[in-house]
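Summary of structural features
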Amino acid sequence: MLAAFYTRTGPAREVLELGEQAAPVPAKGEVLVRVRASGINPADVKRRAGWHGMAMEHALAIPHTDGAGEIADVGAGVDRTRVGERVWLWNAQGGYGTAGRAFGTAAEYVAIPADQAAPLPKGLSFEDGACLGVPAMTAYRAVFADGPVEGQTILVNGAAGAVGHFAVQLARAGGARVIGTVSSDEAASHARRAGASEIIDRKREDVVARVLDITEGEGVDRIIEVDFAANRLSDIAILKANGTIASYSCSSDPEPVLPYYAFANKGANLRFIQGFNIPSASRRAGEAMLTRLAEEARVHVAIGATYPLREIADAHEHVERGSLGNIVVSV
């Protein structure tokens, strides 16, 4: 099969290679998927780059966690009626805790545990499906990890980002009022189309003052946080008593100093979201919600750009530069 791979970490154009690799054979409990689209997440790029000293976990890695395609074959114990099924994939490469899997979706085929190949809802393309594994499911966990949000006011920091864009849509679908922060006019339009009722430009406006004005001094029930270190002080200033900050990233400072009493005095709840380690029950519920919303045409997947597999280095560099919408590789 044709695959992209790397044997050392470093800049995309220096370490990513394209060539023939042995096609996998599905083991017991696995399905073999003919990959049609491979989604790129920041974690995929960081792992390839060796971000913050990340070392190679395997002698050779085929990148990318997320993808979508058709089941071409099944291993022992898997119902053969699944052959031909359109699916989207999660945790294909890398993972959480241990070294994880070596071979991801940047290849013509991937063998993966059957429960990591979820039926692709009608109305979603393979490119759409390749963006569900990390962005959509991280958003679902961040929004609903502590129960229903109907009637709540939720602030989504980074509302135009891959996770934030889904978080706005899912929170609205759950009956919440959504405030989103962005950093440009283009991002503001993107977040507003997703369903944010109020938009705050964090570069030109005082986020704390604007949120307190919007909420008439009450603050918000829940914050979906893209960078806990950068926003922790403003977050606690606008959080209601006993509210929750659900953070899925902390890129600006992986070891932030926590002002304990500021958080304790409000009885603040801190929830840290790991998109590679979502509990099974929550994942099943998230898959069901995404399917329902897709069938009702109530979820939109933002695709920033699609690259052919031979241009995977360009695709990785695009992710590093930043983009409104997910970056996808067609396979």
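Up top is the structure.
Residues numbered from 1 in each chain as written. Predicted model: local features only at pLDDT ≥ 70, side-chain atom pairs only at ≥ 80, totals over all residues. Heavy atoms only, no water.

Regarding helix α11 (residues 312–321)
- Within α11, burial applies to I312, A313, A315, H316, H318 and V319.
- Buried residues belonging to α11 abut β1 (2–5), α1 (12–15), β3 (30–40), α2 (42–49), β14 (303–308) and β15 (326–330).
- Directly after α11, the chain includes G322, whose backbone phi takes a positive value near 100 degrees. (Buried < 20%, exposed > 50% of the residue type's maximum accessible area, 1.4 Å probe, protein only. Helix = DSSP H or I, 4+ residues; strand = E, 2+ residues; numbered from the N terminus. Contact = heavy atoms within 4.5 Å.)

Description of unusual backbone geometry
- Positive phi values are uncommon outside glycine, yet N91 reaches one of about 55 degrees.
- For N91, the position within the fold is in the loop between β5 (86–89) and β6 (109–113).
- Even without being glycine, N242 reaches a positive phi, approximately 65 degrees.
- Inspection of the secondary structure assignment puts N242 in strand β12 (residues 239–247).
- The exposed category is assigned to N242, whose relative accessible area is 56%.

Focus: the pairing of β12
- Looking at chain direction, strand β11 (residues 220–225) and β12 are connected through five bridges and run parallel. Note on β12: the bridge partner recorded for R222 is T244.
- Each parallel crossover has a hand, and the one from β11 via helix α8 (residues 228–238) to β12 is right-handed.
- Examined bridge by bridge, β12 and strand β13 (residues 269–272) share four bridges and lie parallel to one another. Note on β13: the bridge partner recorded for S247 is F272. (Pairing = 2+ DSSP bridges. Right-handed = clockwise from strand over helix to strand, strands pointing away.)

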